[in-house]
Every structure is written in C-alpha cells, then in structure tokens.
Amino acid sequence: MNTKAWSGRFKEEIDTFLEDFTESVSFDYVLAPYEIRASLAYAKALRKAQILTEEELKVIEQGLRDIEREIREGTFSFRKEQEDVHMNIERALFEKIGEVAYKLHTGRSRNEQVVTDLRLYLADEAEELKNLIKSFIKAIVEKGEAYIDVIMPGFTHLQHAQPVLFTHWLTTYAEAMTCHLDRIIEWEKRLKLCPLGSSAFAGTGFPIDRDFLAKELGFLAPIPHSIYAVSSRDFSLELLFILSLIMLDLSRFSEELILWLSPEFGFIDLPDRLCTGSSIMPQKKNPDSAELIRGKASIVLGNLMQHLILLKNLPLSYNRDLQEDKPPLFQALKITKASLRMATLLVEGLQPKKERLKEITKEGYLLATEVADYLVTKGIPFRQAHHLTGQIVRYAEENNRKLEDLTLEEYKRFSPLIEKDIYQWLTLEHALFRRNILGGTGKKAVRAYLKKLRKNLRLWEK
Ligand code: ARG
C-alpha cells in the first residue's frame, strides 16, 4: 500500500524519480528537534481544545519523546520515501503508538509546521551567531589594546592619506560587527512570532489557543495573519541580508590582511599556523585562510540573491517552491559561522610589524593635511590653504624631500604667514593628538572607544 499521508485521492504509486525530486528530508532533517518541540506544544493545544483526551496526550507525548531521544542519539533513520522531516516524524510516531498519532495532525498543516520549525531553529542559530560576533569583537579589543601605540598609514583610494592608529584601523571591524549584532537583535523581534494555528493558510477550523502555543514555544506572540504566516519568508531573507553584511565586512577585512601581508605593504605578520604553503614554490607562506573568507563571501551573497529570487512573483499562499528556502539559508549560516571563527583566529594571530610601519609612515606625505590645517589657524581659508599645501607637496616631491625637512625659508616662499611653529605640526603624534575628537584616531579617543567596547563585552556577558 502507498504509505503517503496524502495517498487517498491517488490511483497509482508515486513515480520514484518524482519522489527523489521532491524530497527535502536530506536537508530539512536538521529541523527535527524543533518539529518535536512544536508537536509537543501542539498536542497540548489540542488537549486544551478537547480534541485529545488526557490519555491520548500522554501517549503522544511519550512517543514524541522517544523519537526525540532516537534523533539525539543518532539512531533515528530518516527516509526519503517520507518526503520531509514532518512526514518522517509523523510516520515514526504512528509506527510507535498507532492510530492516535494521526490525531496530532488535526487542524494542522505542514505549511505552518515548516515555518514554525524554521523560526525556532533560527532563534537558536541567532544565539550562536551573536556569540561568534562577540568573540570576534573581543579578539579585536585585546589586539587593539596590545598595540595601542602603533601608527600606520590610513588610506583613501588605496593611496596614503593620513596617519591612523593601528588600533583605530582594526576596531573599524568591531564597530561594524556591533552594528550587525544590533541588527540581529532587531530582527529577532520579527523572527520570534508563532505561525501555529494558521494551518494550511486560512487559519485552523479548530479552537486552538494561539496565544498559548506562542507562549509555550517561547515566541513573543502569534502571527496575526494566517496567509502571511505560511507565505512569507521575510524572516529568512532578513537574516540572509545580515549574514551578507557580515560576510561583506569579513571579506574587506580579509582583503586588507592579504594586502598588508604582501611584501609590498609588509604591515603585518601572521603566525605559520594560520597560513598555508605552495606545492611548488617552497618559499611561499600564503594567507589562504583570509582568501577563503573572501571567496566564501561570494557564496553567501549568492544565497541572499537566490532566496530573493525564489520569492519573486510567487503567488500566495504556500507553494512548493518555498521548500527551496532552506538550502541557501543553511549554507549561508554554515559559511558565516565558520568565517567568523576563522576571522577571530586571524585577529588573534595577527601582528603589526612596527619597524616597517615606522618607515612607511614617513612616506607618502601623510602630514599634508596638517600643513593645510596649520595655514587655516593662521587665518587662510581652507580651500586656499589646501591649494597652497598642494604646491608645497609638489615642491617637496620634485626635490625629493619630506615636509618636515623643508626649511622655514622654503616654507615662507609659499606663505609669509608660516612660522617656526609649523614644525610642531609635522609629527605623526601631533597629527594624531589633534584627532582626539569622539570617534577620531587620537590615542585618547581610541582608548575611549576601546573602553566602550570593553563595556559592551561586559554587558553581553551578563
Ligand atoms: N517540505 C516542505 C517545505 O519545506 C514542507 C511543507 C510541505 N507542504 C506541502 N503542502 N507539500 O516547504
């Protein structure tokens, strides 16, 4: 006999190729623990609605718990013939406790089950994700504190621009991740809403207590619209967007490490344990770890796009297309979590090369803005000061000199307003000191920012 739950209206067995083509248990089996939790709650709701007797509820609960244990111990066998995680568990329950198992499906639909499971699953994933982000930020704080004295060139257009503290550069990624953390917390408010009671899409015809179900499963509230509940995947898309942002930042961080590690920059070093070699060139020490984060980011951005396209033009309410929501979501989560771990190791391992940075910060006229700002303090409007300084830099460049090496007499040729005190302005330390504004690269400001991060870390630990 055909063992499909829906076989009643069918005259023949399902085509075996179609069976393979439509199954989802090969990937949605990860939802099994959540399917059990949701089913336990639903059984209680059925009892409250007088659909199950106390005895039936007990039998169902026991059966579900047995299955839960088998899943936990890895002895449960998921079968493709049972299509998806929901049918697999329903079938297993029937095999354990008989007909009463089927009562659990009263007024309930897989269309609501799948989104309920997915929302519960993502709530757990969110916890893991938040912890990984916090660890990454913590590694940055520790590294930033250890190298607070190191100055490096800051870039715009990948050209030397102004000096910054190494710590100021590095903590950029802590700020970005703090924003992503906030995004996750915001998103959780929309994630933790309960679809159960929506049934196939029109709302269940039985007096199910939706508030009770939401509470029982740790959701904030029931979703107030049944068609929306089964048709929307906003919650997955929003997470995929956040994951994309995280990967985007990790890819930029990786790109910088790769550049900084090349001898042309030579700003940092990485420990051997975080690099790999070449099978032909014996001298090579490659930052494959960072390159792979950069490479894997493309997969996650693709996952977001793939999922967006899945929803485009899809009519309401549930369509089987929606089964394809899970592979990109699961893949993106797996990659992002692994990349956060890898990036944390990279932060922990990276070391600025102080000598080289000392050398390189002398190059590239990093202090040109200081000259312009100096002229402003002498009453010259900034645009003119900028122009004048440009001429000074050109002169210095043509004569192969540094700004701090030009004589006062040379400076005076550009403006008689320039005095001896200009030389006080022509040190990296002075340039940094002037930027002790909130969020700036002055050491005081950077220390204050680190302190703020430390405070966040302490709050997050509570
Ligand atoms: N495996 C399905 C999914 O992931 C579950 C819902 C199936 N619903 C249905 N009416 N066939 O979307």
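Residues numbered from 1 in each chain as written. Predicted model: local features only at pLDDT ≥ 70, side-chain atom pairs only at ≥ 80, totals over all residues. Heavy atoms only, no water.

**Examining the overall build of the chain**
Secondary structure summary: the chain contains 20 helices and 6 strands in total. Scaling as 2.2 N^0.38, a compact globule of 462 residues should have a C-alpha radius of gyration of about 23 Å, whereas the chain reaches 31 Å, well beyond that. Projected onto the principal axes, the alpha-carbon positions of the chain cover approximately 100 × 55 × 40 Å. Of all 462 residues assigned to the chain, the portion counted as buried reaches 50%. Computed over 66 positive and 67 negative side-chain charges, the inter-centroid distance for the chain is 5 Å. (Helix = DSSP H or I, 4+ residues; strand = E, 2+ residues; numbered from the N terminus. Rg over C-alpha atoms; globule rule 2.2 N^0.38 Å. Buried < 20%, exposed > 50% of the residue type's maximum accessible area, 1.4 Å probe, protein only. Lys, Arg positive; Asp, Glu negative; His and termini not counted. Charge placed at Lys NZ, Arg CZ, Asp CG, Glu CD.)

**Focus on the packing of helix H8 (residues 166-191) against helix H11 (residues 234-261)**
At a closest axis distance of 10 Å, the pairing of H8 and H11 adopts a crossing angle of 170°. With respect to H11, the axis of H8 lies roughly antiparallel. Residues that form the contact of H8 with H11 fall into these classes: 17 nonpolar, 1 polar and 6 charged. (Axes fitted to C-alpha atoms, helices over the stretch in contact; angles between N-to-C directions. Parallel < 35°, antiparallel > 145°, perpendicular 65-115°, else oblique. Nonpolar A, V, L, I, M, F, W, Y, C, P; charged D, E, K, R; others polar.)

**Comments concerning the pairing of strand E2 (residues 159-165)**
In summary, the side chains of a regular strand alternate between the two faces of the sheet. Alignment of strand E1 (residues 151-156) against E2, held across 6 bridges, turns out to be antiparallel. Its bridge partner lying in E2, Pro 153 is registered against Pro 163. Where E1 folds back onto E2 in an antiparallel hairpin, the turn is made up of 2 residues, including His 157, whose phi is positive at roughly 60°. (Pairing = 2+ DSSP bridges.)

**Considering the side chain of Ser 226**
Take Ser 226: it is sitting in helix H10 (residues 226-231). Here Phe 201 takes part through its backbone oxygen, which lies 2.6 Å from a polar atom of the side chain of Ser 226. Residues in contact with Ser 226, not counting those within four places in the same chain, are Ser 198, Phe 201, Ala 202 and Gly 203. (Polar contact = N/O pair within 3.5 Å; in protein donor to acceptor, adjacent residues only side chain to side chain. Contact = heavy atoms within 4.5 Å.)

**Notes on the site of the ligand**
Contacts to the ligand come from Ser 24, Asp 28, Asp 84, His 86, Arg 110, Asn 111, Val 114, Tyr 318, Arg 320, Gln 323 and Lys 326. Taking Ser 24, its side chain carries an N or O atom lying 3.3 Å from a nitrogen atom of the ligand. Within the side chain of Lys 326, one N or O atom sits 2.8 Å away from an oxygen atom of the ligand. Here the ligand has 340 Å² of accessible area as a free molecule, and 87% of this is covered by the chains. Ranked by residue count, the leading element in the shell around the ligand is helix H7 (residues 110-146), at 3 residues. Looking at the shell around the ligand, its residues break down into 2 nonpolar, 4 polar and 5 charged. (Near = heavy atom within 4 Å. Areas by Shrake-Rupley, 256 points an atom, 1.4 Å probe, with all protein chains shown as cover.)

**Details of helix H5 (residues 85-97)**
Counting along an α-helix, one turn takes 3.6 residues, and residues three or four places apart therefore face a common direction. The terminal C-alpha atoms of H5 lie 18 Å apart, and with 13 residues this matches the ideal 18 Å at 1.5 Å per residue to within 8%. Val 85, His 86, Met 87, Asn 88, Ile 89, Glu 90, Arg 91, Ala 92 and Leu 93 are the residues of H5 that are buried. For H5, the elements touching its buried residues are helix H2 (25-28), helix H3 (32-48), helix H4 (54-73), helix H6 (100-103) and H7. Gly 98 sits one or two positions beyond H5 and adopts a positive phi of about 80°. (Expected span 1.5 Å × (residues − 1).)

**Here we look at the packing of aromatic side chains**
Counted under the stated rule, the structure contains 23 aromatic pairs. Ring geometry for Phe 265 and Phe 267: centres 5.3 Å apart, planes at 90°, overall edge-to-face. Accessibility assignment for this pair places Phe 265 and Phe 267 in one class, buried. Here the aromatic cluster, defined as three or more aromatic residues joined through ring pairs, consists of Phe 136, Tyr 147, Phe 155, Phe 166, Trp 169, Tyr 173, Phe 253, Trp 260, Phe 265 and Phe 267. Looking at Arg 119, its charged tip hangs above the ring of Phe 235, at a distance of 4.2 Å from the centre. (Phe/Tyr/Trp six-rings, centres within 6.5 Å; stacked < 30°, edge-to-face > 60°. Lys NZ or Arg CZ within 6 Å of the ring centre and 35° of its normal.)

**So, unusual backbone geometry**
Backbone torsion omega between Leu 316 and Ser 317 reads -5°, so that peptide bond is classified as cis. Topologically, Ser 317 is positioned in the loop between helix H12 (288-311) and helix H13 (326-349). Despite not being glycine, Glu 83 has its phi angle at roughly 70°, a positive value. Tracing the sequence through the fold places Glu 83 in the loop between H4 and H5. The exposure class of Glu 83 is buried, given its relative accessible area of 6%.

**Observations regarding the packing of H7 against helix H20 (residues 443-461)**
With their axes 10 Å apart at the nearest point, H7 and H20 run at an angle of 145° to one another. Judged by the sense of rotation from one axis to the other, the crossing of H7 with H20 is left-handed. Contact with H7, carried on its side by Lys 134, Ile 137, Lys 138, Val 141, Glu 142, Gly 144 and Glu 145, involves Leu 450, Leu 453, Arg 454, Leu 457 and Trp 460 of H20 and no other residues of that element. Grouping the constituent residues of the contact of H7 with H20 by class yields 6 nonpolar, 1 polar and 5 charged. (Left-handed = near helix turned anticlockwise from the far one by under 90°.)

**As for the pattern of salt bridges**
Here the structure, examined in full by the defined rule, presents 40 salt bridges. With its nearest N and O atoms 3.6 Å apart, the salt bridge here joins Lys 192 to Glu 188. A relative accessible area of 22% means that Lys 192 is categorised as partly exposed. Judged by its relative accessible area of 6%, Glu 188 is buried. Look at the salt bridges and you will find they share partners, linking Glu 83, Asp 84, Arg 110 and Arg 320 into a network. (Salt bridge = Lys/Arg side-chain N within 4 Å of Asp/Glu carboxyl O.)

**Focus on the environment of Asp 15**
Along the chain, Asp 15 turns up in the segment before helix H1 (16-22). Only 2.8 Å separates the side chain of Asp 15 from the backbone nitrogen of Phe 17, close enough to count as a polar contact.

**What to know about the nonpolar core**
If you look at the biggest cluster of nonpolar residues, it comprises 129 residues, and the most contacted ones within it are Phe 136, Phe 253 and Leu 403. For this core, the leading source of residues is H7, giving 15 residues. Among residues more than four places away in sequence, those in contact with Phe 253 are Phe 136, Trp 169, Leu 170, Tyr 173, Ala 343, Leu 346, Val 347 and Leu 350. (Core = buried A, V, L, I, M, F, W, Y, C linked by side-chain atoms within 4.5 Å.)

**Some points on H11**
Taking 1.5 Å per residue, 28 residues should reach 40 Å; H11 reaches 40 Å between its end C-alpha atoms and fits that length. The buried count for H11 comes to 20 of 28 residues, which makes it a mostly enclosed element.

Just geometry here; none of it tells us what the structure is for.
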